[in-house]
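# A structural walkthrough
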Amino acid sequence: MALLLGRNLTRTYSVGRQLVTALATVSLEVIAGHFLVITGPSGAGKSTLLNLLSGLEKPTSGEVLYKNISLSKINESKLANIRNSAFGFIFQIPHVLPHKTVFENVAMPFNYGTISDPDHYKRLCLEHLEYVGLGKLVDRSPNTLSGGELQRLVFARALVRNPEVIFADEPTGSLDAANSTIILDLLKEQADRGRAVVMVTHEKEAMAYGSDILELKKV
Amino acid sequence: MAKIDDILIELNLDLKDAWGGLLRRKVRSLLGSLGITIGVVALVAMLSIGEGAKQKALDRIASLGLHTIRVEDARTGVGITNLSYGLVLKDTQKISAWLGDRGSVGYFSRATNIAIYNNQLKGQGTVMGVNPEWFKAEKWLVANGRPLLPDDMTRQNRVCLLGASIASDLQVSVGSNLRLHNIPCIVVGIMAAKGRLLTEGTGLSTLDFDNTVVMPWSGFPFVKVVAEEPILDGLLVTLKKIPEREILPIAEQVEEIIAVSHRSVRDFSMVVPLKLLHKVKETQNLFAWVMGSIASLSLLVGGIGVMNVMLANISEQTREIGLRMAIGATKKRIISLFLCHSLLLTLSGGILGSLLGLLAALAIQWLAGWEVAFSGVSLILGPVSAGVTGLLFGIYPAMRAASLTPARALRES
């Protein structure tokens, strides 16, 4: 079943007086339980496509449908709610808040979503930290973690709201081989559990994890 | 109800986040709020000084009595004509007749630096001859013995009442025989301590109640006499509880009665405490405007400083804003976060400023000897105005943060 549908997605940017096309008329489906790998050369629009699919930016033309809801047509608050509850994000650079603890960073999505039971969300955070192997570092500052540990922290944060789609933009780009394997295995496991995974990469080892591969060409 | 609970939970989270952000950049936060702190110090110190001046003026007016009209002898001593000899008993009778039951007229004559003897003990003080209405008007209570009675006036009794200090200095008790200069007098009462009549700045003569001896005017041996007419040193018209708006017309009429009686010779001065109150209010309004302008300017400068700090913070936190948006923060929450940030920045500056303002006011009191008074309003106004400044000057940076798109914010280096 297609969770996300991209129709004729085009994105242009103004650079000075010039219009630069980053992505031109791309259509695709993101299906639950599939591991979609988006690849292609630098400047082909891989990250732009991921941003459009995840609602981080809007297409210049075309539309993205999430469960038949057009992300371009809903208001900003509803879009934020979808990002909070249905999408999880992993970026190449592990974005964390350095002044918060590991636990507080993982719990951040709950700050922007409904909290029905504080005990329940605390348990979820701890479970996901255990899952990515950071169960003993909950009170540590992110500044004391290695690159691999930071990316696992981000992974736990992406999973904590039980999302339907996980977006990963070059998640192994700043990791060594061992840590890359850990992250890719975790992503594969999530796809196997029925979540849709959308990963942007240009690494061949990473591409091998995909069940579907979309190769973009430079416009 | 659930919606209000959600808003409170979100506000609590944003306040905690914003506080964490402030602590992350301690030096910048401190410097950023310094302008606000200085503004609030100025505001609180000036309010305290203004409040002190106002309190002093109100104390003076309360001491004089709001429902009174005070008239004093103002003869220059030269060029006394036979047109008028000064304030005389006839003036009090005319005013009393015109007033009817709207008020009463007290009067007094006074002699200063009179030697007072109680056996071997000697003191010096003011001796006044008064009528019973004067006592009532000054609200001076008898601590021991009895007050002056109408009979004392009728019989011209040589009796007296003593102020608390002079009674204590001369070890006087009720029944003691005093000599005022060389005139004998029996003490019938000791007065309660009352302090001074607060006449500074009014043109009225001073009166230290506690060092004064009071006698019935009819038996007052030191009365000045001009052309066989005993002269009064002052009148005290006390009005019954009437609306304030009626006091000034009555005062004008009293002045007119005396002026006609004195054949237009301006040999008396008149003080209406209600007029003083109006002047105090006018001065206070002017002071409030000046003070408000200075404080507003200080807060404006402080607010610009806070806006600068906020813009610098947002510029540094662009990726963090992108991250928050990516994981579900709405524009409203981003605005709320940064408004909380600027609010806490200015509020902490305001609270610190209020405390320093109190210390500054106390230092001014100690160094310059000015009266200061602290009101709850001045203590609350400092942090509140700082908080409002924070919200006003935080709006633009907060809107700017919220206008970022998540993808663009995440790309920022």
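The notes below deal with the structure included here. (Residues numbered from 1 in each chain as written. Chains lettered and ligands numbered in written order. Predicted model: local features only at pLDDT ≥ 70, side-chain atom pairs only at ≥ 80, totals over all residues. Heavy atoms only, no water.)

### Details of the overall build of chain B
The cut-off we apply is this: Per the convention used, a helix needs a DSSP run of H or I reaching at least four residues, while a strand needs a run of E reaching at least two, with both numbered from the N terminus. Restricting the calculation to C-alpha atoms gives the radius of gyration, and the globule rule supplies 2.2 Å times the number of residues raised to the power 0.38. The rule is simple: take the accessible area with a 1.4 Å probe, protein chains only, and divide by the maximum for that residue type; under 20% is buried, over 50% is exposed, in between is partly exposed. It only takes one pair of heavy atoms within 4.5 Å for two residues to be counted as in contact. Every accessible area reported is derived by Shrake-Rupley at a probe size of 1.4 Å, with residue values counting cover from the shown protein chains alone. Working convention for charge: Lys and Arg count positive, Asp and Glu count negative, and His plus the chain ends are omitted. The atom standing in for a charge is NZ when the residue is Lys, CZ when it is Arg, CG when it is Asp and CD when it is Glu.
Scanning chain B from N- to C-terminus turns up 12 helices and 14 strands. By the compact-globule yardstick of 22 Å for 413 residues, chain B is too spread out, its C-alpha radius of gyration being 33 Å. Taking the principal axes of the C-alpha coordinates as reference, chain B spans close to 105 × 50 × 45 Å. Residues classed as buried in chain B amount to 48% of the 413 residues present. Contacts in chain B between residues at least 24 apart in sequence constitute 79% of all its contacts with a sequence separation of at least 6. Carbon and sulfur atoms make up 60% of the accessible area of chain B, which amounts to about 20300 Å² in all. Positive and negative charge centroids in chain B, built from 41 and 33 side chains respectively, lie 7 Å apart.

### Re the interface of chain A and chain B
What counts is decided by this rule: Buried surface area refers to the total accessible area, computed with a probe of radius 1.4 Å, that the two partners give up upon joining, counted for both partners together. Salt bridge, as applied in this entry: a Lys or Arg side-chain nitrogen positioned within 4 Å of an Asp or Glu carboxyl oxygen. Counting of polar contacts relies on pairs of N or O atoms within 3.5 Å, with two restrictions inside protein: one atom must be capable of donating a hydrogen and the other of accepting it, and residues adjacent in sequence are counted only when both atoms are side-chain atoms. As a working rule, the residues Ala, Val, Leu, Ile, Met, Phe, Trp, Tyr, Cys and Pro are called nonpolar, Asp, Glu, Lys and Arg charged, and the rest polar, with Gly in that last group.
With 22 residues of chain A at the contact, the number on the chain B side is 21 residues. Surface buried jointly by chain A and chain B totals about 2100 Å² across both partners, of which 62% is contributed by carbon and sulfur atoms. Across the salt bridge formed by aspartate 17 of chain B and lysine 100 of chain A, the nearest N and O atoms sit 2.4 Å from each other. Linking chain A to chain B there are eight residue pairs in polar contact (both at pLDDT 80 or more). Elements that contribute at least two residues to the side of chain A that touches chain B include exactly helix 2 (76–85) and helix 3 (102–111) of chain A. In terms of residue count, helix 2 of chain A provides more of the side of chain A that touches chain B than any other element does, five residues in total. Partitioned by chemical class, the residues of the side of chain A that touches chain B number 11 nonpolar, six polar and five charged.

### Observations regarding the packing of helix 8 (residues 273–316) of chain B against helix 10 (residues 331–368) of chain B
Residue and element names in this part refer to chain B. To keep things clear, this is the line we draw: Here an angle of 0 to 180 degrees is reported between the N-to-C directions of two axes, which are lines fitted to C-alpha atoms, with helices fitted over the stretch in contact. We call two directions roughly parallel when the angle between them is under 35 degrees, roughly antiparallel when it is over 145, roughly perpendicular when it lies between 65 and 115, and oblique otherwise. With the far helix as reference, a near helix turned anticlockwise by less than a right angle produces a left-handed crossing, and one turned clockwise produces a right-handed crossing.
Two numbers describe how helix 8 lies on helix 10: the axes approach to 11 Å, and their chain directions differ by 140°. With respect to helix 10, the axis of helix 8 lies oblique. Here the hand of the crossing between helix 8 and helix 10 comes out right-handed. Together, Val306, Val309, Met310, Asn313 and Ile314 of helix 8 and Phe338, His341, Ser342, Leu345 and Thr346 of helix 10 make up the contact between the two elements. Across the contact of helix 8 with helix 10, the residue classes tally to six nonpolar, four polar and no charged.

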